[in-house]
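Secondary and tertiary structure notes
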Amino acid sequence: MSRYGMISLLLSISLVLCPIYASRSIPESPKMINGYSEYIKAPSYQNENRCRLKVPDSSSLGTCNPSLIHVSMTLDSVYLRGSMAAVNSILRHISCPQNVYFHFIASSSDPTNELNQILRATFPSLAFTVYPFAEEKKVKSLISSSIRQALDNPLNYARTYLADIIPSCVKRVIYLDSDIILVDDILKLWSIKVSDSKVIGAPEYCHANFTKYFTNEFWSNPEFSQVFQGKKPCYFNTGVMVIELERWRKGYFTRKIEKWMEIQKEKLRIYQLGSLPPFLLVFGGDIEPIHHRWNQHGLGGDNLVNSCRSLHSGPVSLLHWSGKGKPWVRLDKGIMCPVDFLWAPYDLHTNRFLHSPQR
């Protein structure tokens, strides 16, 4: 099949993957705020009459409203375009958009008041809070350099501190990376049961070579390697997780992850890949496995070559451009990979009108 035949096929797939559930209006004209790049005002996403979840008067409950679906993401100027597309995709496919509450964690280098303005101008009816990442200075002191500079951004570690950042009345949250889009109702992901003995639910990959995520120094030290004793450790991608925050808090899992970071920083190098290995050390072999449809990852290409990837076989509910290549960068350069045509319909940045793929 030619490149353009593949593009046509993917566009056809996108129409199948993208049913529109919630009622909405037509997007409005672009907005510019404080010199930031322009974003188009998104459609107005409203609950349909058939929604079973009803939002009561939230004047007294706010984020503690038990009927809310809680989603957390990070926000920064580099990945903001991806975050906006991700939010747009969630709202487009959820049957009850007014029942989702977003918890955004922002870097101290990006003023939260400007991010608030951008979000409010783009999604006027969105329920959200932007939290400054208060632990950023502490995280910087714990980070040791990884094999890829982008992985050393302190905001990559914000997911470790969600239980401290998000109000204690919130018992559960879906954490999502900024380089994802959903093509299914996030309520389905929210409804997945996490066993009482588990803290995290995520797609699990037991065919991966788990040993490569840690150094020889780690595996040769019985004190360290015994952490996996009696378990079948499997890789999971931390870009999509259902987290039971109440259990996390009771188990002091933030501190457990920090201890491994301290060992890496102060004693010896036991891993190479940024924020992922500490999660694997604490939760590897002990998560609730959920269907792979909820994280079709690796679409950004590998870490060394900006290569195009194809969709994996099977059903798809979430697409994840993990890896070096990001769809908005390739879009602006006019060198999109075929899978990027599945991301483009959710892009709210005005650059989408200024650039087109090379022909």
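In what follows, the structure referred to is the one given above.
Below or above, wherever it landed, is the structure these notes cover. On a predicted model such as this, the values are computed, not experimentally measured, just so you know. (Residues numbered from 1 in each chain as written. Predicted model: local features only at pLDDT ≥ 70, side-chain atom pairs only at ≥ 80, totals over all residues. Heavy atoms only, no water.)

All right, on to the overall build of the protein then. Of the regular secondary structure elements, the protein holds 13 helices and twelve strands. The 359 residues of the protein split such that 55% are buried. Considering only intrachain contacts with a sequence separation of at least 6, the fraction spanning at least 24 residues in the protein is 73%. A total of about 16000 Å² of accessible surface is found on the protein, and carbon and sulfur atoms cover 53% of it. (Helix = DSSP H or I, 4+ residues; strand = E, 2+ residues; numbered from the N terminus. Buried < 20%, exposed > 50% of the residue type's maximum accessible area, 1.4 Å probe, protein only. Contact = heavy atoms within 4.5 Å. Areas by Shrake-Rupley, 256 points an atom, 1.4 Å probe, with all protein chains shown as cover.)

In total, this model carries three disulfides according to the counting rule given. In this model, Cys64 is linked to Cys169 through a disulfide, with the two sulfur atoms separated by 2.1 Å. With the S-S dihedral at roughly -85 degrees, the linkage between Cys64 and Cys169 falls on the left-handed side. Pair noted here: Cys64 is in the loop between strand 2 (39–40) and strand 3 (69–75) and Cys169 is in the loop between helix 5 (162–165) and strand 6 (172–176), with a separation of 105 residues, a long-range link. The exposure class assigned to Cys169 is partly exposed, which follows from its relative accessible area of 26%. A disulfide bridge connects Cys308 with Cys337, and the sulfur atoms are separated by 1.9 Å. Between Cys308 and Cys337, the disulfide has an S-S torsion of -80 degrees and is therefore left-handed. In this pair, Cys308 is assigned in the loop between strand 11 (288–290) and strand 12 (318–320) and Cys337 in the loop between helix 12 (327–333) and helix 13 (340–343), connecting sequence segments 29 residues apart. The class of Cys308 is partly exposed, set by a relative accessible area of 46%. Since its relative accessible area comes to 1%, Cys337 is described here as buried. (Disulfide = S-S within 2.5 Å.)

Bringing the pairing of strand 6 into the picture now. Among the five residues that make up strand 6, five are buried, leaving the element largely enclosed by the rest of the structure. Neither face of strand 6 is open: one carries Arg172, Ile174 and Leu176, the other Val173 and Tyr175, and all of them are buried. Of the pairings in the sheet, the one linking strand 3 to strand 6 comprises two bridges and is parallel in character. Paired with Ser72 across the bridge in strand 6 is Tyr175. Where strand 6 and strand 10 (residues 240–244) come together, five bridges link them in antiparallel fashion. Across the sheet, residue Tyr175 finds its bridge partner in strand 10, namely Met241. (Pairing = 2+ DSSP bridges.)

This paragraph deals with helix 3 (residues 112–122). Listed as buried for helix 3 are Glu114, Leu115, Ile118, Leu119 and Thr122. End-on view of helix 3: buried residues confined to an arc of 135 degrees, all on one side of the axis. Residues of helix 3 that are buried make contact with strand 2, strand 3, helix 2 (80–93), strand 4 (100–106) and strand 5 (127–132). (Arc of directions from axis to C-beta.)

So, on to the side chain of Asp340. Turning to its location among the elements, Asp340 is positioned in helix 13. Under the relative-accessibility criterion, Asp340 is labelled buried at 0%. For Asp340, the contacting residues outside a window of four places in its chain are Trp321, Pro327 and Arg330.

The next point concerns unusual backbone geometry. Note: most residues except glycine have negative phi, and most peptide bonds are trans. Although it is not a glycine, Tyr252 sits at a positive phi angle of roughly 50 degrees. By the secondary structure assignment, Tyr252 is in the loop between helix 9 (245–251) and helix 10 (253–266). Residue classification places Tyr252 among the exposed positions, given a relative accessible area of 62%.

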